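If you want the building blocks of each chain, they are given just below.
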Amino acid sequence: MKLNKLPTLTWNFLKLNDAVLDEKITLNGRGKSVIRNIPNGVIVGNGGCDNCGICDPSTLEDIRKLKTGLGDEADSFFESVCDGSLTIRAKRDIKVEEPLCINYELADGDKNAVKQEIIAEEGSSITVIMDYSSKRSDSGFFAVQTKLKAEKGAKIRLVKIELLGRGFTGMDGIAAQAGEDAEIELIQMELGCGKNYVGVDIELDGKRSSFTGNTGYLCINGQKLDMNYYIGHTGKKSVSSLNVTGALRDGSCKNFRGTIDLKHGAKGAKGDEQESALLLSDNVINKTLPIILCDEDDVEGSHGATIGRLSQDVLFYMQSRGFSEHEAEVLMTRAQLNSVRGMIGDEKSVGAISQYLEEAFE
Amino acid sequence: MRERSEVNDIDRSAYDFKDSEEGFYRIKEGLTRQIVEQISEEKHDPEWMRQFRLRSLDIYNELKVTDWGPDISGLNMDDIVTYVRPNTKMSAKWEEVPEDIKNTFERLGIPQAERESLAGVGAQYDSELVYHNVKDEVSKTGVIYTDMESALTGEYADMVKDHFMKLVPPTDHKFAALHGAVWSGGSFVYVPPGVKLDIPLQSYFRLNAAGAGQFEHTLIIVSEGADLHFIEGCSAPKYNVANLHAGCVELYVGKNARLRYSTIENWSKNMYNLNTKRALCEDGATIEWISGSFGSHVSYLYPSSVLKGKGSHAEFTGITFAGKGQNLDTGAKMIHIGEDTSSFINTKSISKDGGISTYRSSVTVNEKAKNAKASVSCASLMLDDISRSDTVPAMDIRTGQCDIGHEAKIGRISDDAVFYLMSRGISEEDAKAMIVSGFADPVSKELPLEYAVEMNNLIRLEMKGAIG
């Protein structure tokens, strides 16, 4: 299966135009979700939602047309293997402070694929925290597709925490559409899985719509992480900001593709993406491709990347304070990931991440 | 509603004039084994080169056109004449060059530049060099600057054979293979160890014939501790049929040597510019690319620096101006192989009047390139809302012991900057002209004065009204 295809191709020798998932996938349907903290004003429909009557059919039709950053082949895969989807809807003008939490606890051998839809109706606001976890030694396959639609003036805050075992292969496809004055915030911690494919497609269609993305990752002991972010600006004065930060160590490999597409007519739009990759050992592979496509003059697009070892100045300072080089690296990696972890705002999730990182650095 | 301004298109009248092809030898259109053999025969190739051409043709036929980059479906090789020889032989005296050809180069300012500021000049007209000369004092230092054909059979034949298309093999891509099959003309430069040339050498390539291709090969070997500045210029008149430029530049920079390679590319807007340039740097060597891309209908141009030697260094400074009907895909490649290598890319691009400018680059740091440092900075300026500007910069880093940085910006002229300048008594038009000139400044200041002037003339930023 070809995943994470770039919206515009470049040299084939870079092997970044797409990623290939070459393992045969046979699902067993194990690995179900537990939902907690369903706030008032939020409706959750589970499975075969078309018949549950909680959503406007036209809204469902719109959201299902959205494409994830994983690409067409992955989207077709989800269509073919998932019976229905988990639908979460925040009613009009309902603003929810407390997060709704969905926990997928997986076990060794679990192989599952799920679809989720989150709709924030006009003027509403919702936070959803999704975490996927298993024991460190577990193997399996877990694919999740999440589609978001934030209607006029609405806000969706989605937090994804992936803590699956090193034998897992993960696929995480996200598609989002923001209407006028709507906001989408995405926080991701990609820490587990031996092979992990993340594809995000954000469509800022509405005037003054916005997207803020913060992703933290850690790739150690041969983990492979392949990321593809696409942010399409159609709406006038739409604003996007994407920050991806993390570390690689011990034979691990990470690809980051990030595209800001400033489309014709998106007057006043601004897009920015930043990447910071800390390389902690010699045998790592880090590929970065930050793209800006610009078909409009009255826009601002920018990107930056910093890739490499720990700054010699920082290392010297830490060593002068009694830290060994390894301790300094661990400390700085934690600091980098904490910049994302600190945004989550849910104690249980933050605790799970801290515990995962403790074990990772043992 | 703010008034829009205009940045005038490049004034091409200085380049857009044509000469008669009467008496010229023109090979049949297309690309066949027979045509390749005929070119080889016309050029009196040694046998190895004849075989090389035929092998390259086979590779060309096997390779596919790239699936990325600008569309080149308008280029039909069956319509392209791969070899056009003017009715003259190469001379070292301008007086011996036929009057119309000499006038062409006079209008382009080449003889004047030679008199005033160059150590040697090569002038190619269609497929062959018509003039080649190097100053006596330069010859006395042992510097060899000659046409490729003479080098192929002369005293340096073995050196040419050892280096020709070794850095850019015909298997590199389809148009490198095409070059290998039909190349003609170009320059060979050899700078002996320790020789430092204070003034530059220049080759100028003029493609006059309609529907023709130019496939010159430039091979430069700068030996240990030597220093050279080489300038390449090119232009062509505009025709209604497609022309093709698929040149090849191979630069070998020896231990602790330095080479600066400057190019002002000003092909006509019917030209498909599919050029390949590559430099190999030994220990402590430095390659500096200065590149101005103004012409062509379609361009694929990414000078590559292979930093093989320990402590070698590469810099690429480039500007691309894409106007009406142009799709210019330009950038650079940096390949870090040796320890303590460093590279710096600094590019500017301007898009106007429906032009498409794409900045494309790659920085590759291999496992053994410990302590590599690389920095990439690219900025794009959009002058109207019917143009397009994309940036596609890739980084492939395979060692932890490195420091890599990248930054890019796309936007239009800042209203705040214009307002500030106007508040200091500068007119709006002048303010905008000043800002755009400043945007191009990092490139123009790297060029020799006369080329900086040419570049500024090419941009010709005559502002009217307000951009916005």
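Residues numbered from 1 in each chain as written. Chains lettered and ligands numbered in written order. Predicted model: local features only at pLDDT ≥ 70, side-chain atom pairs only at ≥ 80, totals over all residues. Heavy atoms only, no water.

Colleague: I'm lost on the overall build of chain A in this one. Help?
Modeller: In terms of helices and strands, chain A carries five helices and 20 strands. Taken over C-alpha atoms, the radius of gyration comes to 20 Å for chain A, in line with the 21 Å a tight globule of 362 residues would show. Each principal axis of the C-alpha distribution contributes one length, and for chain A these read about 60 × 50 × 40 Å. Looking at chain A as a whole, 60% of its 362 residues are labelled buried. (Helix = DSSP H or I, 4+ residues; strand = E, 2+ residues; numbered from the N terminus. Rg over C-alpha atoms; globule rule 2.2 N^0.38 Å. Buried < 20%, exposed > 50% of the residue type's maximum accessible area, 1.4 Å probe, protein only.)

Colleague: When you look at the overall build of chain B in this model, what are you seeing that I'm missing?
Modeller: Summing up its helical and strand segments, chain B has 11 helices and 27 strands in all. Against the compact-globule benchmark of 23 Å for 468 residues, chain B has a radius of gyration of 22 Å, which places it among compact chains. C-alpha atoms of chain B, sized along the principal axes, occupy 70 × 55 × 50 Å. Here chain B holds 468 residues, and 64% of them are scored as buried. Within chain B, counting contacts between residues at least 6 apart in sequence, those at least 24 apart form 84% of the total. As displayed, chain B has an accessible area near 17,000 Å², and 48% of this comes from carbon and sulfur atoms. With 51 positive and 69 negative side-chain charges, chain B shows a spacing of 3 Å between the two charge centroids. (Contact = heavy atoms within 4.5 Å. Areas by Shrake-Rupley, 256 points an atom, 1.4 Å probe, with all protein chains shown as cover. Lys, Arg positive; Asp, Glu negative; His and termini not counted. Charge placed at Lys NZ, Arg CZ, Asp CG, Glu CD.)

Colleague: What is the right way to look at the interface of chain A and chain B in this model?
Modeller: Interfaces are often described in size by the accessible area the parts lose on coming together. Across the boundary between the two partners, chain A contributes 39 residues, which contact 42 residues of chain B. Note on chain A versus chain B: buried area summed over both sides is about 3,400 Å², and carbon and sulfur give 49% of it. For the chain A face of the interface with chain B, the top three residues by lost area are W11, D297 and R309 of chain A, together amounting to 23%. If you look at where chain A meets chain B, you find five salt bridges. (Buried area = accessible area lost by both parts, 1.4 Å probe. Salt bridge = Lys/Arg side-chain N within 4 Å of Asp/Glu carboxyl O.)

Colleague: So what exactly am I meant to see when it comes to the packing of helix 2 (residues 47-62) of chain B against helix 8 (residues 174-182) of chain B here?
Modeller: Residues and elements named next belong to chain B. Axis separation between helix 2 and helix 8 bottoms out at 7 Å; the angle between their running directions is 150°. As summarised for this structure, helix 2 and helix 8 are arranged roughly antiparallel, according to the angle between their axes. When the axes of helix 2 and helix 8 are compared, the crossing they make is left-handed. Here F52, R53, S56, L57, I59 and Y60 of helix 2 come into contact with helix 8, specifically with K174, A177, L178, G180, A181 and V182. Taken together, the residues of the contact of helix 2 with helix 8 sort by class into eight nonpolar, two polar and two charged. (Axes fitted to C-alpha atoms, helices over the stretch in contact; angles between N-to-C directions. Parallel < 35°, antiparallel > 145°, perpendicular 65-115°, else oblique. Left-handed = near helix turned anticlockwise from the far one by under 90°. Nonpolar A, V, L, I, M, F, W, Y, C, P; charged D, E, K, R; others polar.)

Colleague: Just to check I follow, could you spell out the side chain of N327 of chain B for this structure?
Modeller: Inspection of the secondary structure puts N327 of chain B in strand 21 (residues 327-336). Judged by relative accessible area, N327 of chain B falls into the buried class, the value being 18%.

Colleague: Can you walk me through the pattern of salt bridges in this structure?
Modeller: Between side chains of opposite charge, a pair can form when the charged atoms approach closely. Overall, the coordinates contain 49 salt bridges over all chains when judged by the stated rule. E42 of chain B is paired through a salt bridge with R85 of chain B; the nearest N and O atoms lie 2.7 Å apart. Pair noted here: E42 of chain B is in helix 1 (residues 33-42) and R85 of chain B is in strand 3 (residues 84-85), with a separation of 43 residues, a long-range link. Each of K155, R157, E183 and E185 of chain A takes part in a single network of salt bridges with overlapping partners.

Colleague: Quick question: what am I supposed to make of helix 2 of chain B here?
Modeller: Residues and elements named next belong to chain B. Here helix 2 contains 16 residues, and its C-alpha end-to-end distance of 23 Å stays within 8% of the 22 Å for a straight helix at 1.5 Å per residue. Buried within helix 2 we find M49, F52, R53, L54, S56, L57, I59 and Y60. Check the buried side of helix 2 and you find it contacts helix 1, helix 6 (148-153) and helix 8. (Expected span 1.5 Å × (residues − 1).)

Colleague: Help me out: how do you make sense of the packing of helix 3 (residues 312-320) of chain A against helix 4 (residues 325-341) of chain A in this one?
Modeller: To describe two helices that pack against each other, one gives the angle between their axes and the distance between the axes. Residues and elements named next belong to chain A. Contact geometry of helix 3 with helix 4 gives a least axis separation of 9 Å together with a crossing angle of 115°. Regarding helix 3 and helix 4, the two cross each other, and that crossing is right-handed. Contact with helix 3, carried on its side by V314, L315, M318 and Q319, involves E325, A328, L331 and M332 of helix 4 and no other residues of that element. Among the residues making up the contact of helix 3 with helix 4, the classes are represented as six nonpolar, one polar and one charged.

Colleague: Is there a simple way to explain helix 9 (residues 415-423) of chain B in this structure?
Modeller: Owing to its 3.6 residues per turn, the α-helix aligns residues three or four sequence positions apart on the same side. A side-chain oxygen of the first residue of helix 9 of chain B lies 3.1 Å from the backbone nitrogen of D416 of chain B; this N-cap is S414 of chain B. Among the residues trailing helix 9 of chain B, G425 of chain B stands out with phi positive, at a value near 90°. (Polar contact = N/O pair within 3.5 Å; in protein donor to acceptor, adjacent residues only side chain to side chain.)

Colleague: Just checking my understanding: could you explain the packing of aromatic side chains for this structure?
Modeller: The description of two aromatic rings rests on the distance between their centres and on the angle between their planes. Enumeration over the complete set of coordinates arrives at 24 aromatic pairs over all chains. Considering the side-chain rings of F77 of chain A and F141 of chain A, the 6.2 Å spacing of their centres and the 90° angle between planes classify their relative orientation as edge-to-face. You can see F77 of chain A sitting in helix 2 (residues 72-81) and its partner F141 of chain A sitting in strand 9 (residues 139-150), a full 64 residues away along the chain. Overall, the relative accessible area of 11% leaves F77 of chain A in the buried class. With a centroid separation of 6.0 Å and an interplanar angle of 45°, the aromatic rings of Y229 of chain A and F256 of chain A are classed as tilted. Of this pair, Y229 of chain A sits in strand 15 (residues 224-233) while F256 of chain A sits in strand 17 (residues 253-262), and the two are 27 residues apart along the sequence. Like F256 of chain A, Y229 of chain A is buried. Taken together, the ring pairs connect W11 and F13 of chain A together with W68, Y300 and Y302 of chain B into an aromatic cluster. Residue placement shows R136 of chain A over the ring face of Y356 of chain A; its charged tip is 5.2 Å from the ring centre. (Phe/Tyr/Trp six-rings, centres within 6.5 Å; stacked < 30°, edge-to-face > 60°. Lys NZ or Arg CZ within 6 Å of the ring centre and 35° of its normal.)

Colleague: Just checking my understanding: could you explain the confidence of the model for chain B for this structure?
Modeller: Should pLDDT be low for a region, the predicted coordinates there are not to be read in detail. In this model, chain B carries an average pLDDT of 88, and 90% of its residues clear a pLDDT of 70 or more. Between residues 461-468 of chain B, whose pLDDT stays under 50, and residues either more than four places distant or in other chains, the model counts 40 contacts. (pLDDT = per-residue confidence, 0-100.)

Colleague: I tried to follow the environment of R115 of chain B on my own but got confused; where do I start?
Modeller: Residues and elements named next belong to chain B. Here R115 shows up in helix 4 (residues 110-117). Classification of R115 by relative accessible area gives exposed; the value is 60%. Between the alpha carbons of R115 and K135 there is a distance of 9.8 Å; along the sequence they are 20 residues apart.

Colleague: When you look at the state of the cysteines in this model, what are you seeing that I'm missing?
Modeller: Across all of its chains, the model carries zero disulfides over all chains by this definition. With no disulfide of its own, C193 of chain A lies closest to C219 of chain A among cysteine sulfurs, the gap being 10 Å. Taking relative accessible area as the criterion, C193 of chain A reaches 1% and is therefore assigned buried. Not engaged in a disulfide, the cysteine C378 of chain B finds its nearest cysteine sulfur in C294 of chain A; these two sulfurs lie 12 Å apart. Note on C378 of chain B: relative accessible area 4%, which makes it buried. (Disulfide = S-S within 2.5 Å.)

Colleague: Any chance you could explain unusual backbone geometry here in plain terms?
Modeller: Negative phi characterises most residues that are not glycine, and trans characterises most peptide bonds. All names here are of chain B. Here H44, not a glycine, exhibits a phi torsion of approximately 55°, which is positive. Inspection of the secondary structure assignment puts H44 in the loop between helix 1 and helix 2. Overall, the relative accessible area of 66% leaves H44 in the exposed class. Its identity is not glycine, yet D126 carries a phi of approximately 55°, on the positive side. The topology assignment puts D126 in the loop between strand 4 (120-125) and strand 5 (128-134).

Colleague: What am I meant to see in the pairing of strand 16 (residues 276-281) of chain B here?
Modeller: Two faces belong to every sheet, and in a regular strand the side chains alternate between them. Residue and element names in this part refer to chain B. Most of strand 16 sits out of view: six of its six residues are buried. Neither face of strand 16 is exposed, since T276, R278 and L280 on one face and K277, A279 and C281 on the opposite face are all buried. Summarising the sheet, strand 13 (residues 248-253) and strand 16 pair through six bridges and their orientation is parallel. Paired with C248 across the strands is T276, a residue of strand 16. Sheet topology note: the strand 16/strand 19 (residues 304-307) ladder contains four bridges and is parallel. Its bridge partner lying in strand 19, L280 is registered against V306. (Pairing = 2+ DSSP bridges.)

Colleague: Could you clarify how one ought to interpret the side chain of H217 of chain B in this entry?
Modeller: Residues and elements named next belong to chain B. Its place among the elements puts H217 in strand 10 (residues 217-222). Among the residues examined, H217 registers a relative accessible area of 0% and is labelled buried. When residues no more than four places from it in sequence are discounted, the contact partners of H217 are M148, F164, M165, H179, W183, G185, G186, S187, C248 and E250.

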